[in-house]
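# Chains, contacts and geometry: an overview
Here is how the chains run, residue by residue.
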Amino acid sequence: MLNVAAYAAPAAGAPLEKITIARRDVRATDVQIEIDYAGICHSDIHTVRDEWGRMTYPLAPGHEIVGRVTEVGSDVTKFAVGDVVGVGCMVDSCRRCPACTDGLENYCLDGNIGTYGAMGYDGEMTQGGYSTHVVVEERFVVRIPEALHGDRLAAATPLLCAGITLYSPLRHWGVGPGTKVGIIGMGGLGHVGVKIAAAMGAEVTVLSHSLAKKDDGLRFGAARYVATTDAEAMKALRGSLDLIINTVSVNLPLDDYLALLRYDGTLVELGAPTNPLEVAGFSLIAARKALAGSCIGGMPETQEMLDFCAEHGIVAEIEQINADQINEAYDRVVASDVRYRFVIDAKTF
Ligand code: NAP
Ligand code: ZN
Ligand code: ZN
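Just so it is clear, the model here is predicted, and its values are computed rather than measured. (Residues numbered from 1 in each chain as written. Chains lettered and ligands numbered in written order. Predicted model: local features only at pLDDT ≥ 70, side-chain atom pairs only at ≥ 80, totals over all residues. Heavy atoms only, no water.)

### Considering the coordination of the zinc ion (ligand 3)
Short version of the rule: In this listing, donors mean N, O and S atoms no farther than 2.8 Å from the metal, or 3.2 Å for Na, K and Ca; water is missing from the atoms, so a site can look incomplete. Angular criteria define each label, namely tetrahedral for four donors with all angles between 85 and 135 degrees, square planar for four and octahedral for six donors with opposite donors over 155 degrees apart and remaining angles between 65 and 115, and irregular for whatever fails these tests. We call a residue buried when its accessible area falls under 20% of the maximum for its residue type, exposed when it is over 50%, and partly exposed in between, using a 1.4 Å probe and counting protein chains only.
Taken together, the protein donors to the zinc ion (ligand 3) comprise Cys94 (SG), Cys97 (SG), Cys100 (SG) and Cys108 (SG), at separations of 2.3 to 2.4 Å. Because the angles between the 4 donor atoms bound to the zinc ion (ligand 3) fall within 104 to 118°, the donor set is best described as tetrahedral. Counting the intervening residues between successive donors of the zinc ion (ligand 3) yields the motif C-x2-C-x2-C-x7-C. Under the relative-accessibility criterion, Cys94 is labelled buried at 8%.

### Some words on unusual backbone geometry
What counts, and what does not: Strands here mean DSSP runs of E at least two residues long; helices mean DSSP runs of H or I at least four residues long; both are numbered from the N terminus.
Look at the link from Tyr57 to Pro58: it is a cis peptide, with omega at 0°. Tracing the chain through its elements places Pro58 in the loop between α1 (42-48) and β4 (65-72). Of note in this structure, Asp264 is not a glycine but carries a positive phi near 65°. Within the secondary structure, Asp264 is located in strand β14 (residues 261-269). On the basis of relative accessibility, which here comes to 38%, the residue Asp264 falls in the partly exposed class. Notably, Ser336 is not glycine yet its phi reads approximately 55°, a positive angle. Mapped onto the elements of the fold, Ser336 is located in the loop between α11 (326-334) and β17 (341-345).

### A word on the coordination of the zinc ion (ligand 2)
Every protein donor of the zinc ion (ligand 2) is accounted for by Cys41 (SG), His63 (NE2) and Cys161 (SG), and the metal-donor separations fall at 2.0 to 2.3 Å. Written as a sequence motif, the donor arrangement for the zinc ion (ligand 2) is C-x21-H-x97-C. Of this pair, Cys41 sits in the loop between β3 (30-39) and α1 while His63 sits in the loop between α1 and β4, placing them 22 residues apart in sequence. When its relative accessible area of 8% is taken as the criterion, His63 is described as buried.

### Some words on the pattern of salt bridges
Any two side chains of opposite charge can pair, given that their charged atoms come close. The line we're drawing: Definition used for salt bridges: Asp or Glu carboxyl oxygen within 4 Å of a side-chain nitrogen of Lys or Arg.
Scanning the model with the defined rule gives 18 salt bridges in all. Two residues, Arg49 and Asp331, come together in a salt bridge whose shortest N-O distance is 3.0 Å. Note that Arg49 is positioned in the loop between α1 and β4 and Asp331 in helix α11, a separation of 282 residues in sequence. With a closest N to O distance of 3.8 Å, Asp242 and Arg262 form a salt bridge. One end of the pair, Asp242, is in strand β13 (residues 241-246); the other, Arg262, is in strand β14, and 20 residues separate them in sequence. Among the charged side chains, a network of salt bridges with common partners joins Asp92, Arg95 and Glu137.

### What about the site of ligand 1?
Operational definition: We call a residue near a molecule or strand as soon as one heavy atom of that residue lies within 4 Å of the molecule or strand. We define a polar contact as two N or O atoms separated by no more than 3.5 Å, with the added condition that, inside protein, one atom must be a possible hydrogen donor and the other a possible acceptor, whereas residues neighbouring each other in sequence contribute only through side-chain atom pairs. To measure how exposed things are, a 1.4 Å probe is used in the Shrake-Rupley method; for residues, cover is taken only from the protein chains shown.
Surrounding ligand 1, one finds 28 residues, the nearest of these being His42, Met186, Ser208, His209 and Arg341. Note that an oxygen atom of ligand 1 is positioned 2.7 Å from one of the side-chain N or O atoms of His42. In the model, an oxygen atom of ligand 1 is placed 2.6 Å from a nitrogen or oxygen of the Ser208 side chain. Coverage of ligand 1 by the protein amounts to 88% of the 920 Å² it exposes when considered alone. The set of elements that each furnish at least two residues to the shell around ligand 1 consists of α1 and α5 (188-199). Of all the elements, α1 adds the most residues to the shell around ligand 1, at 3 residues.

Okay, here's the thing in structure tokens:
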């Protein structure tokens, strides 16, 4: 076992503090990774603040992880010591069910094993990437393409959650040249989504709660940036969008957004607010509209997303911080005061 430094919440809602955690010995198909960077996703905050139900503490979050391979098990075939790799939101699944067989480990029928706060098949609770090292089964490790190495590596880190969470629904709903895509909320997920959708050729409309980030949105590739408080601008968009992706972490009046879809359009819910969603039946019935959800993406698609981002020069906009700034960063994420993702330098854990 390897004892390593980590930042963890000692109890629900408590500030994160430095602790020591144990990483398992490398098994035959495991990869040991020395972490370079860990991103801060809003899901980390929901989890340590106990907004999604009971967790076990201490809990070290972090599911946007990039680092270098320091050891491989005897049966590892995909990676060698020194490779630059990433780990996202899951570290295991049953590996046998129809979803796993299809490379959709995120939809494993037994439930995937989350990178932190989940009980692994070995009976140990998983601990996340706010740490110096992690040990992960090779199927759940991806290769970071060379174009994203060096001084782009820190900014590539958020692709491991934010990137795949947006890429997967954009691909699944067939976004391509000319598709009219709306993205609600331009935070960590949303800003990467604008870049990826624009690179796929879509005409992107950002639906934000203010115009404060308009210049950035247009620079990331959006064709239009609308404040959802502007009733006239919202009215002008009615019936016009093919696909809307909602990345907002609080409950929104979904009927107002469903009205922006054309017939047969789909609104995909990515944000996970604490209260149930409310939708009027007629918002869907009147023009054969659909309300759907999407959860990260499978491992083959995560690799495909990284290769796509490397090819199109897509990384996140980040603010790099040290470990002792995590608690302050959490408050700033909740206040929508981050441009656009915090990434922690793992040397400071
Ligand atoms: P984030 O960086 O905090 O971004 C959320 C954005 O939502 C904000 O930038 C803001 O955008 C908007 N927003 C925030 N508070 C709002 C309010 N009170 N009213 C209206 N808009 C508000 O969060 P994130 O890391 O992107 O994560 C977003 C959500 O997705 C979280 O709930 C997270 O848990 C979830 N998530 C889901 C998956 C999945 O697989 N489905 C994966 C990762 C994360 P504007 O300023 O532009 O309005
Ligand atoms: Zn996440
Ligand atoms: Zn499975």
